[in-house]
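Topology and contacts: notes
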Amino acid sequence: MDTAPSAQPVTTTPAVGNRRRVATAAALASAVEWYDYFVFGIAAALVLGDLYFPAGSATAGVLASFATFAVGFLARPIGGIVAGHLGDKRGRKPMLVLALTLMGVSTTAIGLLPTYDTIGVAAPILLVLLRVAQGVAVGAQWGGAMLLATEYAPEGKRGVYGSVVQLGVPIGVVTANTVFLLAGALTTDSAFAAWGWRVPFLVGLLVLALAWYIHKRVEETPAFREAERALAEKEKTEQNSPLRTILRGHLGTVFLAGGSFAVNTATFYILITGVLDYTTRELDMKKGPVLMVSLCVSLTQLVLIPAAAALSDRLGRIRIYAFGAVGIALWAVPLFLLIDTGSLLWLAVGTFVASCFLSIMYGPQAALFAELFTPEMRYTGASLGYQIAAVAGGGLAPFMMVLLLEATGTSMAVSGYIVVLSVIALVSIRILAARAGGAEAQKAPETQAEPETQAEPETQAESAG
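Residues numbered from 1 in each chain as written. Predicted model: local features only at pLDDT ≥ 70, side-chain atom pairs only at ≥ 80, totals over all residues. Heavy atoms only, no water.

An unreviewed UniProt entry lists the protein under the name MFS transporter, from Streptomyces tibetensis.

**Focus: the nonpolar core**
Grouped together as the largest cluster of nonpolar side chains are 127 residues, with contacts concentrated most on Phe-38, Tyr-52, Trp-197, Ile-270, Phe-336 and Phe-369. The leading source of residues in this core is helix H1 (residues 16-52), at 18 residues. (Core = buried A, V, L, I, M, F, W, Y, C linked by side-chain atoms within 4.5 Å. Buried < 20%, exposed > 50% of the residue type's maximum accessible area, 1.4 Å probe, protein only. Helix = DSSP H or I, 4+ residues; strand = E, 2+ residues; numbered from the N terminus.)

**Side note on the pattern of salt bridges**
For the structure shown, the criterion picks out four salt bridges. Where Arg-281 meets Asp-277, a salt bridge forms, and the shortest distance between an N and an O atom there is 2.9 Å. Remark: Asp-277 and Arg-281 occur in helix H13 (residues 251-281); sequence separation between them is four residues, near one turn of the helix. With a closest N to O distance of 3.1 Å, Glu-282 and Arg-281 form a salt bridge. Salt bridges sharing partners connect three or more residues here, namely Asp-277, Arg-281 and Glu-282. (Salt bridge = Lys/Arg side-chain N within 4 Å of Asp/Glu carboxyl O.)

**Describing helix H15 (residues 317-339)**
Its 23 residues place the ends of H15 31 Å apart at the C-alpha level, agreeing with the 33 Å of an ideal helix rising 1.5 Å per residue. Within H15, the axis deviates most sharply at Trp-331, by approximately 45°, and proline Pro-334 lies no more than four positions further along. (Expected span 1.5 Å × (residues − 1). Bend = angle between axes of the 7 residues up to and from the residue.)

**Observations regarding the packing of aromatic side chains**
Here the distance between the centres and the angle between the planes together describe a pair of aromatic rings. Tallying each qualifying case throughout the model produces seven aromatic pairs. Three or more aromatic residues joined by ring pairs make a cluster, and in this case those are Phe-261, Tyr-362, Phe-369 and Tyr-386. (Phe/Tyr/Trp six-rings, centres within 6.5 Å; stacked < 30°, edge-to-face > 60°.)

**Here's the deal with the side chain of Ser-359**
Along the chain, Ser-359 turns up in helix H16 (residues 344-371). What makes Ser-359 buried here is its relative accessible area of 0%. In this structure the side chain of Ser-359 is engaged in a polar contact, spanning 3.4 Å, whose partner is the side chain of Gln-301. Excluding anything up to four places from it in sequence, Ser-359 contacts Gln-301, Leu-304, Ile-305 and Ala-308. (Polar contact = N/O pair within 3.5 Å; in protein donor to acceptor, adjacent residues only side chain to side chain. Contact = heavy atoms within 4.5 Å.)

**Quick notes on the packing of H13 against helix H18 (residues 397-408)**
Where H13 meets H18, the axes come as close as 8 Å, and the angle between the chain directions of the two elements is 45°. Between H13 and H18, the angle is such that the two are oblique. You can see that H13 and H18 cross each other, and the crossing is right-handed. Of the residues in H18, those in contact with Ala-266, Tyr-269, Ile-270, Thr-273, Gly-274, Val-275, Asp-277, Tyr-278 and Arg-281 of H13 are Ala-397, Pro-398, Met-401, Val-402, Leu-405 and Glu-406. Residues of the contact of H13 with H18, tallied by class, amount to ten nonpolar, two polar and three charged. (Axes fitted to C-alpha atoms, helices over the stretch in contact; angles between N-to-C directions. Parallel < 35°, antiparallel > 145°, perpendicular 65-115°, else oblique. Left-handed = near helix turned anticlockwise from the far one by under 90°. Nonpolar A, V, L, I, M, F, W, Y, C, P; charged D, E, K, R; others polar.)

**Looking at the environment of Gly-159**
The residue Gly-159 is located in helix H6 (residues 158-166) in this model. Excluding anything up to four places from it in sequence, Gly-159 contacts Ala-309, Ser-312, Asp-313, Arg-317, Gly-363 and Ala-367.

**Quick notes on the confidence of the model for the protein**
Confidence along the protein averages 79 in pLDDT terms, with 82% of residues attaining 70 or more. When pLDDT is averaged over each helix and strand of the protein, the minimum, 42, is found for helix H20 (residues 460-463) and the maximum, 94, for H15. Low pLDDT, under 50, characterises residues 1-12; the stretch is placed with 38 contacts to residues that sit more than four places away or in other chains. Counting contacts from residues 446-465, a segment whose pLDDT is below 50, to residues more than four positions away or on other chains yields 39 contacts. (pLDDT = per-residue confidence, 0-100.)

As structure tokens, this is what we get:
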């Protein structure tokens, strides 16, 4: 782990009311941002292939639709790099507001976008460009929301505070599925294909109201204000760039962070988009009941994620994180054996157990990534690690799932894909843990020689458990 000296310790303690307001704003920002992002994934599985990529077979249309879905993930590192660099130099809050604004505008525009039958080839081109904008927005958002929460956290509760941002994912999934279920229930199949699918996208306008609230009511984090003062002093004598610092001295940590999380994000998107397509197109299951299962399973994450985060505050981040990764690897084969039965009950059981292991990883992940980097480069480093995982795992996962199913004819190929990513995660976690142990051993003599030196409330070694 990175052991560069941190900025001066934060001496001001935020008021409890301010902490709660910031945590609530961060959670809402994450929830609405992920809602906007997930409605595209659901629409990609259900309608976008026919409406924007009509040529060829049904499978080709789905592949094209999922490829457009993946483009958003390829754009996420751009948002992470730009917002991370500016967020480390100018503040967490401005970048979060900008990300929310971009997401609200692009999602609403997708809801208003004419189809291929209306404007021809311009329709898929514009759809891809708007998906890129969504990707940039969510790439910029996560680091800002996560740092607002964790850098306001009281000592010993960084995991719990970070988990409120992680809750945005299941809240976004639940909300997106609910809106699609309502749109499908209140319209005929033809009406849903004509205009009903657009309604969930138009809800994106509400994101702009939240962006305005955060801009007006939320203060910058104490950790950034302290880091900003240290950075200002450093810039008097040398040119400093958080991105340059990461690329020159901490790129290994960024890739290890990404490698540790790719299995989580890949399995998650396989469950919420790939399985939706697979069960409705290959297993002839009804989309309404399948969406309902996804919704109910996501609701359980609202309890599991903060529980795992709280446990990581007591037992250590990496210990809890690694347990979740092992669970995903062991459950990969039973998961698809249950799904292949075509039974809603076994689909629910399979995805629920998988969701439990995902939650165990996802709960402590925000705090873990924050603790890998010091405040002056934290937005950049944590965002890059997260978005690398998103590209390597989540963006390609539904596309890879369709390809593997078409090439092999068996869902066990998808299970193998998950197992490979799990092994990569466990190797990455093992190296991060070893680095943390080495950093602790190096700090021990310094601590004895300089007993008055203060450390961050939760050190990187402590995060390893």
